[in-house]
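Examining the three-dimensional arrangement
The residues making up each chain are set out below.
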Amino acid sequence: MSENTAPTPVDKRAQLRKAALEYHEFPKPGKITIAATKQMINQHDLALAYSPGVAAPCEEIVKDPNNAFRYTARGNLVGVVTNGTAVLGLGDIGALAGKPVMEGKAVLFKKFSGIDVFDIEIDEKDPDKLVEIIAALEPTFGGINLEDIKAPDCFYVERKLRERMKIPVFHDDQHGTAITVGAAIINGLKVAGKDIKSVKLVASGAGAAALACLGLLIKLGMPRENIWVTDIAGVVYEGRTELMDEDKAFFAQNTPLRKLAEVIVDADVFLGLSAGGVLKQDMVRTMAANPLIFALANPNPEIAPEDVKAVRDDAIIATGRTDYPNQVNNVLCFPYIFRGALDCGATTITTEMEIAAVHAIAELAQAEQSEVVAAAYVGEQLAFGREYLIPKPFDPRLMMKIAPAVAKAAADSGVALRPIEDMDAYSDHLQTFVYASGTTMKPIFTAARAAAKKRIAYAEGEEERVLRAAQIVADENVARPTLIGRPAIIAQRIEKFGLRLKEGQDYDVVNVEDDHRYRDFWQTYHRMTERKGITAPVAKIEMRRRLTLIASMLLHKGEVDGMICGTWGFTAHHLNYIDQVIGMRAGCNTYACMNGLLLPDRQVFLVDTHVNYDPTAAQLAEITVMAAEEMMRFGIKPKAALLSHSNFGSSNHPSAVKMRETLEILKIQAPWLEVDGEMHGDVALDAKSRASIMPHSTLSGDANLLVMPNIDAANISYNLLKTAAGGGIAIGPVLLGAAEPVHILTASATVRRIVNMTALTVADANAAR
Ligand SMILES: NC(=O)C1=CN([C@@H]2O[C@H](COP(=O)(O)OP(=O)(O)OC[C@H]3O[C@@H](n4cnc5c(N)ncnc54)[C@H](OP(=O)(O)O)[C@@H]3O)[C@@H](O)[C@H]2O)C=CC1
Ligand SMILES: CC(=O)C(=O)O
Ligand SMILES: [Mg+2]
């Protein structure tokens, strides 16, 4: 690539190839590792995990094989098995060369549905021997995902294994692809305004993926006689003998046509599951109006989307690739169909389970987008349509939608050994995987839903994250949103983001440009602040332009039950208006902000992250008590550590002395609270190291409330921890000390955080009832 020219497609391919090789090599070769789920740090652990302790679970499994699900990882373990004979579109590159793909599938299973995988590459091409080897692996796995085994061997191998094994066996390239393609075709035809019963479909490829897709499309209503199949030897026609087998013969047409170019004329759908570059622009020109062109070969599609667009501007295009819109890839299916199947103890995967998955995926693309998807695909238009036929792989709702649908269909078709009895509880459980904050927030959501629906005002009602959160809040029946902003802009943005909120029905608006309460609001504000330097003209102007002020006044006047602000701006700026209108709770002398963090192995709350720059010992004691009380509302027993650079008197610096004084005040004011200090951060989080340094500590176990000496320490620690933990798993800031249910978010708040804080605000309002 020369210095001043844009990279060509060849340059880009070379760069991607180099980056992919580096990704696989560094920092460690490959993409997976084994992680222990139990600690192994001393002789005792060794005796439990290995000899002699391990004999106990072995004996229990001898007594009842089902105990394997109790004492081993089998129930969540899938074998991704290949012999490397049809790896992607690369062909028969052998089992060893297929290993990066299988490791890749393992990573996808883990990332998207929490399922553990062993990748198994078997150097065996004889289908019967392959069946023997895989069947013998049954004790290891809860399910088998066959991958990249060539047709027609894959059909035979899967059928034989299903006959022999009592765990789900699923050839991903057949059924995972078919399910995803089925959903995309249902949606593509909807966009094109065509009926599945009357379209003409031409397939390129008659292998594992293509034939399974066609089989499922027939089950979804497409007539077999409307389907034309082509492969390396051309059209599959009645009487053909070259490269034929009984699975292909099922689709043979009685026709004199022999080439793809001939049968593609007037086709409504092209389904490519063959090899790169097979479909030519001249062929695309001859297709029917609004053609669906699904060029799904990997890594190179049958035709590049830009080549289609050059000759047909009415085409609806999908590929198997990440770098174009409409990625039709079996990753949308296999993690979730296995999640549902494993969770209900399915002995196999039935057609009913497959069809349930098709409809779940199709419906998801038609629903509005989730915040996670919007964040992961910034700048892309994500409302259902030509460029958005199918959900994105990073859509967290895939699991929430597909796994329960599959588990239910498994039970309905009689193959679930452990049918899921409480679907709501199951969905809650999945939610905690998808949103790590789920468990911590559960008591708050329960408290939020405990009384009649509360009205919550959102100061920044035009903001995208607020609108997306408002949709979830309305859907999940958490509250009734009052959006502050311009009604037309709000309605327009709701439509742009593909949301479903309807003014009056799901939410109310306070029109910042014209509201009948304006006069009353500014006059009230003036009366509250006329001796604090606010004149009547200033009160009028402020009440027009300060969204947090409007929200505060709504709350003060009882027009809403709580409010949320702060998705832009600074805490101090918002707090100023809240303090003027709402004020402090009786008995409180200070405000403070608490943030919660859900780290991989613990939950911690930190104070004061946003309000007091250098709190006194008395203020810190008050903040600690307010924070501890708030934590108890989350159902968490607070264990407070007063943090310092000093460890139990090791320094007499004023900040260390301040923390010691805080402890003395707390001992008197809050004898019920487990608290100790001053101490280092590691000593707070690690009870064992604390016991060795301070055997008489008044704090037992790991601390979960970290009280920092000043705002720098609190804010920096919070942001460092949040980032190191992967971000996004934060609760708060929770405003402590206000007289009414009010919370000030930060500019980095995600949609899920806004939803969580809404629930907390509602719970506050219910508690204040
Ligand atoms: N997007 C997705 O999610 C998925 C994409 N795929 C892709 O689909 C393709 C096929 O995979 P799979 O079914 O597992 O593999 P198979 O080997 O089972 O099937 C390949 C099929 O493509 C045909 N074919 C190969 N080259 C050509 C060509 N030049 N012209 C016409 N037909 C050709 C073969 O014909 P013949 O029968 O005559 O040998 C065979 O029917 C691969 O590119 C794979 O990456 C697969 C699964 C999922
Ligand atoms: C996606 C996939 O499984 C394949 O291309 O083979
Ligand atoms: Mg595959």
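Residues numbered from 1 in each chain as written. Chains lettered and ligands numbered in written order. Predicted model: local features only at pLDDT ≥ 70, side-chain atom pairs only at ≥ 80, totals over all residues. Heavy atoms only, no water.

Below, the discussion takes up the site of ligand 2. What surrounds ligand 2 is the set L88, K105, E147, D148, D173, N298, N329 and N330. Between ligand 2 and K105, the relevant distance is 3.0 Å, taken from an oxygen atom to a side-chain nitrogen or oxygen of the residue. Contact between ligand 2 and E147: an oxygen atom at 3.1 Å from a side-chain N or O atom of the residue. Contact with the protein chains removes 85% of the 210 Å² of surface that ligand 2 exposes when unbound. Class assignment for the residues of the shell around ligand 2 results in 1 nonpolar, 3 polar and 4 charged. (Near = heavy atom within 4 Å. Polar contact = N/O pair within 3.5 Å; in protein donor to acceptor, adjacent residues only side chain to side chain. Areas by Shrake-Rupley, 256 points an atom, 1.4 Å probe, with all protein chains shown as cover. Nonpolar A, V, L, I, M, F, W, Y, C, P; charged D, E, K, R; others polar.)

It is worth spelling out the packing of helix α23 (residues 536–545) against helix α24 (residues 547–556) at this point. Contact geometry of α23 with α24 gives a least axis separation of 5 Å together with a crossing angle of 95°. Taken together, the axes of α23 and α24 lie roughly perpendicular to each other. For the pair α23 and α24, the contacting residues are E542, M543, R544 and R545 in the first and L547, L549, I550 and M553 in the second. Considered class by class, the residues forming the contact of α23 with α24 number 5 nonpolar, no polar and 3 charged. (Axes fitted to C-alpha atoms, helices over the stretch in contact; angles between N-to-C directions. Helix = DSSP H or I, 4+ residues; strand = E, 2+ residues; numbered from the N terminus. Parallel < 35°, antiparallel > 145°, perpendicular 65-115°, else oblique. Contact = heavy atoms within 4.5 Å.)

Assignment of secondary structure puts K401 in helix α17 (residues 397–412). Relative accessible area serves as the criterion here: at 32%, K401 is assigned to the partly exposed category. Here the alpha-carbon distance between K401 and A360, two residues 41 residues apart in the chain, equals 6.0 Å. The contact partners of K401, leaving out residues within four places of it in the chain, are A360, E363 and L364. (Buried < 20%, exposed > 50% of the residue type's maximum accessible area, 1.4 Å probe, protein only.)

Looking now at the pattern of salt bridges. Summed over the entire model, instances satisfying the criterion amount to 42 salt bridges. A salt bridge links E559 to R517, with the shortest nitrogen-to-oxygen separation between them at 2.6 Å. Within this pair, whereas E559 is found in the loop between α24 and β14 (562–565), its partner R517 is found in the loop between β13 (508–511) and α22 (518–529), the two being separated by 42 residues in sequence. Its relative accessible area of 15% is what places R517 among the buried residues. Salt bridges here are not isolated pairs; linked through shared partners, they connect K99, D119 and E121. (Salt bridge = Lys/Arg side-chain N within 4 Å of Asp/Glu carboxyl O.)

Here we come to the nonpolar core. In terms of nonpolar packing, the biggest core is built from 103 residues, with I134, L201, L214, L271 and F294 touching the most fellow members. When near neighbours in sequence (up to four residues on either side) are disregarded, I134 contacts V81, I122, I144, L146, V157, L161 and M165. Ranked by size, the runner-up nonpolar core spans 63 residues in total, among them V466, L663, V734 and A759. (Core = buried A, V, L, I, M, F, W, Y, C linked by side-chain atoms within 4.5 Å.)

Right, let's talk about the UniProt feature "binding site: a divalent metal cation" (unreviewed entry) in the chain for a bit. UniProt feature "binding site: a divalent metal cation" (unreviewed entry): in the numbering of this structure it lies at E147, D148, D173 and N298. These annotated residues cover 152 residues of sequence, and their C-alpha atoms all fall within 13.9 Å of one another, placing them together at a single site. Counting through the fold element by element, E147 comes out in the loop between β3 (143–146) and α7 (153–164). Contacts of E147, omitting those with residues within four sequence positions, involve V80, V81, T82, M102, K105, H171, D172 and D173. Structurally, D173 can be placed in helix α8 (residues 172–192). The buried category is assigned to D173, whose relative accessible area is 13%. (UniProt positions renumbered as here; feature names shortened; annotations may be inferred.)

Per-residue confidence for the chain gives a mean pLDDT of 92; residues scoring 70 or more make up 96%. Both confidence scores are given for the complex: pTM 0.72, ipTM 0.96. (pLDDT = per-residue confidence, 0-100.)

Where α22 meets helix α25 (residues 571–581), the closest approach of the two axes is 9 Å, and the angle between their N-to-C directions is 85°. For the element pair α22 / α25, the angle class is roughly perpendicular. Across from Y525, M528 and T529 in α22, the residues of α25 making contact are Y577, Q580 and V581. Residue classes in the contact of α22 with α25 are distributed as 4 nonpolar, 2 polar and no charged.

If you check the shell around ligand 1, you find 27 residues, and the closest are T177, A206, A208, A209 and V328. At 3.1 Å from an oxygen atom of ligand 1 is found a main-chain nitrogen or oxygen belonging to G89. Within the backbone of A206, an N or O atom sits 2.7 Å from an oxygen atom of ligand 1. Burial of ligand 1 by the protein amounts to 83% of the accessible area it has alone, namely 920 Å². Among the residues forming the shell around ligand 1, the class breakdown is 14 nonpolar, 10 polar and 3 charged.

In an α-helix, one turn spans 3.6 residues; hence positions three or four apart end up facing the same way. Between its terminal C-alpha atoms helix α26 (residues 617–633) stretches 25 Å, which fits the 24 Å expected from 17 residues at 1.5 Å a residue. Among the residues trailing α26, G635 stands out with phi positive, at a value near 80°. (Expected span 1.5 Å × (residues − 1).)

Within the element layout of this structure, T662 appears in helix α27 (residues 654–669). Residues in contact with T662, not counting those within four places in the same chain, are A617, L620, A621 and L642.

Our focus in this paragraph is the coordination of the magnesium ion (ligand 3). Within the protein, the atoms that donate to the magnesium ion (ligand 3) are E147 (OE), D148 (OD) and D173 (OD), at distances of 1.9 to 2.1 Å. Sequence spacing of the donor residues for the magnesium ion (ligand 3), all on one chain, is E-D-x24-D. Exposure remark for E147: the relative accessible area of 1% places this residue in the buried category. (Donors = N, O, S within 2.8 Å, 3.2 Å for Na, K, Ca; no water.)

Okay, the packing of aromatic side chains next. Within the structure shown, the criterion is met by 6 aromatic pairs. Taken together, a centroid distance of 5.0 Å and an interplanar angle of 90° make the contact between F250 and F251 edge-to-face. According to the relative accessible area criterion, F250 is partly exposed, its value standing at 48%. Taken together through their ring pairs, the aromatic side chains of F109, F170, F334 and F338 make up a single cluster. Over the aromatic face of F69 sits the side chain of R418, whose NZ or CZ is 4.6 Å from the ring centroid. Residue placement shows R544 over the ring face of Y518; its charged tip is 4.0 Å from the ring centre. (Phe/Tyr/Trp six-rings, centres within 6.5 Å; stacked < 30°, edge-to-face > 60°. Lys NZ or Arg CZ within 6 Å of the ring centre and 35° of its normal.)

Let us now look at unusual backbone geometry. With an omega of -20°, the peptide bond between V607 and D608 qualifies as cis. As for its placement among the helices and strands, D608 is situated in the loop between β16 (602–607) and α26. Cis geometry marks the peptide bond from G677 to E678, where omega comes out at -10°. Relative to the assigned elements, E678 resides in strand β18 (residues 674–679). Residue L243 is not a glycine yet carries a positive backbone phi of 50°. Among the structural elements, L243 can be located in the loop between β7 (234–235) and α10 (246–249).

What follows is about the side chain of D172. On the secondary structure map, D172 appears in helix α8. Polar side-chain contacts of D172 include one of 3.5 Å to the side chain of N330. Contact partners of D172, with chain neighbours within four places excluded, come to K105, N145, L146, E147, T177, N330 and F334.

Attention shifts here to the sheet that holds strand β21 (residues 742–744). Judged by pairing direction, the sheet is parallel, and its 5 strands sit side by side in the order β13-β12-β11-β14-β21 without closing on themselves. At either end of the open sheet lies a strand with only one pairing partner, and these are β13 and β21. Direction aside, neighbouring strands of the sheet carry axes that sit 20° apart on average. Relative to β14, strand β11 (residues 455–458) runs parallel, the two sharing 3 bridges. By the bridge assignment, A457 is partnered in β14 with M563. Strand contacts of helix α20 (residues 464–475): β11 and β12 (480–485), with the helix running at about 160° to β12, the strand carrying the most contacts. Contacts from α24 reach β11, β12, β13, β14 and β21 within the one sheet, and its direction differs from that of β14 by about 170°. (Pairing = 2+ DSSP bridges.)

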